[in-house]
Amino acid sequence: EKGGYEHFMLKEIHEQPKAITDTFRGRMLAEDNIIKMSSIELNLDKFLNANRIIIVACGTSWHAGLVGEYLFEDMARIPVEVEYASEFRYRNPIITNKDIVIAISQSGETADTLAAIKLAKSKGAFVYGICNVVGSSIARETHAGAYTHAGPEIGVASTKAFTTQITVLTLIALKLGKANGSLADHTFKNYLKKMQLIPKQVEELLNIDEHVKQISAVYKDAKNCLYLGRGFNFPVALEGALKLKEISYIHAEGYPAAEMKHGPIALIDENMPIFVIATNRGHYEKVVSNIQEIKSRAGKIIAVVTEGDTTVKEIADHVIEIPDTEEALTPLLTTIPFQLLSYHIAVMLNKNVDQPRNLAKSVTVE
Ligand code: M6R
């Protein structure tokens, strides 16, 4: 059942090239230069006339939602807010029939997300679901939606569910961006070309496992870790920290890199490992200067960089290379090393990787 892997989590990490390909299937027709998603096409007017999109979710799905915010605003120029379902449902939110609520949930059974959907519906919003489990409560409760087609995810720590959620969000953002003219034809075309490479690139990236394992051995006894990223990779930093917390029980926090100076930098000393996403586009120079600030305070830097990088390599204690792609698509790649890292650290610490203490796969009570 674990397909020769020691744990479901490792199996599911390795399933990502296939899972992302399955998410594409029938939707991304790169040769024809189109994205086909009937759930969007049938409701295109609603999406194009919406005042804003509100994304509600919990945990890892909320992190995917944050990536969605960057994608939708950048590619389709539609204002997006992302909210924890648990906060949204109880704060008397202002919602109208000009709002679209997108609920993201792997299980489709998360109590708070389900309640947020019911509230949004009662206020007249159009509610779109992004779920993995077919026929789940959230899939049934939403007006329309798209399945991620990641296949069953057994490990409590979400891996392939996250990357396939981001894949669906990217497809929707591209489709809307093309439909409302925010994306030029050649830009759209280029994105499809780059998207198509992602499953192969993830596969290639999974070969760094041994390298990540060595890094894991160096930092497995850390008591605290920081994860930093900017832009599209800020949510990846949050997700990296969550992954480490939930299965290795090491305290970790994710931050936008520039927030360091507003407090967390006080934590840095020679015992603090800091995982930084420093891919070559986006805010590269800014991240490099954030790395220098950390280095001058003796923090240990483990940087995720684009292959061929030389600048960060000189400053960082360790680097993990990812293949080159468009900045907006990097979360699909930068996430992978953090999944592997958490996995190896948890195994080295003898933790129950697939069923961490105190956690359930789906949180059906609030
Ligand atoms: O099934 P859902 O996506 O609605 O679940 C939401 C969270 O409970 C879930 O993502 C949780 O944070 C995972 N254990 C993270 O790995």
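Residues numbered from 1 in each chain as written. Predicted model: local features only at pLDDT ≥ 70, side-chain atom pairs only at ≥ 80, totals over all residues. Heavy atoms only, no water.

Q: Is there a simple way to think about the overall build of the protein in this case?
A: For the protein, the count of helices and strands is 15 helices and twelve strands. Since a compact globule built from 366 residues should have a radius of gyration of about 21 Å, the 20 Å found for the protein is in line with a globular shape. C-alpha extents for the protein along the principal axes are approximately 55 × 45 × 45 Å. Of all 366 residues assigned to the protein, the portion counted as buried reaches 59%. Expressed as a percentage of contacts within the protein between residues at least 6 apart in sequence, the contacts between residues at least 24 apart total 75%. Of the accessible surface of the protein, which amounts to about 14,600 Å², a share of 49% is contributed by carbon and sulfur atoms. Here the protein carries 39 positive and 44 negative side-chain charges, and the mean point of each set is 3 Å from the other. (Helix = DSSP H or I, 4+ residues; strand = E, 2+ residues; numbered from the N terminus. Rg over C-alpha atoms; globule rule 2.2 N^0.38 Å. Buried < 20%, exposed > 50% of the residue type's maximum accessible area, 1.4 Å probe, protein only. Contact = heavy atoms within 4.5 Å. Areas by Shrake-Rupley, 256 points an atom, 1.4 Å probe, with all protein chains shown as cover. Lys, Arg positive; Asp, Glu negative; His and termini not counted. Charge placed at Lys NZ, Arg CZ, Asp CG, Glu CD.)

Q: Before we go on, may I ask you to explain the pairing of strand E5 (residues 99-105) in this structure?
A: It is a general feature of regular strands that their side chains alternate between the two faces of the sheet. Burial analysis of E5 places seven of its seven residues in the buried class, the great majority of the element. Of the two faces of E5, the one carrying Asp 99, Val 101, Ala 103 and Ser 105 and the one carrying Ile 100, Ile 102 and Ile 104 are both buried. Summarising the sheet, strand E3 (residues 52-57) and E5 pair through five bridges and their orientation is parallel. Across the sheet, residue Ile 53 finds its bridge partner in E5, namely Ile 100. (Pairing = 2+ DSSP bridges.)

Q: For this particular structure, what's the right way to read the packing of helix H2 (residues 16-24) against helix H9 (residues 160-179)?
A: When two helices pack together, their arrangement is captured by the angle between the axes and the distance separating the axes. With their axes 9 Å apart at the nearest point, H2 and H9 run at an angle of 30° to one another. On the basis of the axis angle, H2 is roughly parallel to H9. Here the hand of the crossing between H2 and H9 comes out right-handed. Where H2 approaches H9, its residues Gln 16, Ala 19, Ile 20, Thr 23 and Phe 24 are matched on the opposing element by Lys 160, Thr 163, Thr 164, Thr 167, Val 168 and Leu 171. For the contact of H2 with H9, a count of residues per class yields five nonpolar, five polar and one charged. (Axes fitted to C-alpha atoms, helices over the stretch in contact; angles between N-to-C directions. Parallel < 35°, antiparallel > 145°, perpendicular 65-115°, else oblique. Left-handed = near helix turned anticlockwise from the far one by under 90°. Nonpolar A, V, L, I, M, F, W, Y, C, P; charged D, E, K, R; others polar.)

Q: So what exactly am I meant to see when it comes to the pattern of salt bridges here?
A: Note that side chains of opposite charge can pair when their charged atoms are close. In the structure shown here, the tally under the stated rule is 22 salt bridges. Arg 281 serves as the salt-bridge partner of Asp 324, at 2.9 Å between the closest nitrogen and oxygen. With Asp 324 in the loop between strand E12 (318-322) and helix H15 (331-348) and Arg 281 in the loop between strand E10 (273-278) and helix H13 (284-295), the pair connects residues that are 43 residues apart, well separated along the chain. On the basis of relative accessibility, which here comes to 35%, the residue Asp 324 falls in the partly exposed class. Salt bridges linked by common partners bring Lys 194, Arg 281, Asp 324 and Glu 326 together as one network. (Salt bridge = Lys/Arg side-chain N within 4 Å of Asp/Glu carboxyl O.)

Q: Which parts of the structure should I look at to understand the state of the cysteines?
A: A disulfide bridge is the covalent bond that connects two cysteines by way of their sulfur atoms. Throughout the structure, instances matching the rule amount to zero disulfides. Of all cysteine sulfurs in the structure, the one in Cys 58 sits closest to Cys 131, which takes part in no disulfide; the separation is 12 Å. What makes Cys 131 buried here is its relative accessible area of 3%. (Disulfide = S-S within 2.5 Å.)

Q: So what exactly am I meant to see when it comes to helix H5 (residues 59-76) here?
A: What sets the pattern is the α-helix's 3.6 residues per turn: residues three or four places apart point alike. Taking 1.5 Å per residue, 18 residues should reach 26 Å; H5 reaches 25 Å between its end C-alpha atoms and fits that length. H5 sits mainly inside the fold: 13 of its 18 residues count as buried. The first or second residue beyond H5 is Arg 77, which carries a positive phi of 55°. (Expected span 1.5 Å × (residues − 1).)

Q: Would you mind showing me how to read the nonpolar core here?
A: Nonpolar side chains tend to gather and get buried jointly when the protein is soluble and globular. If you look at the biggest cluster of nonpolar residues, it comprises 88 residues, and the most contacted ones within it are Ile 102, Tyr 128 and Tyr 227. Counting 22 residues, the second-largest nonpolar core is a separate cluster that includes Ile 268, Val 287, Val 288 and Val 319. (Core = buried A, V, L, I, M, F, W, Y, C linked by side-chain atoms within 4.5 Å.)

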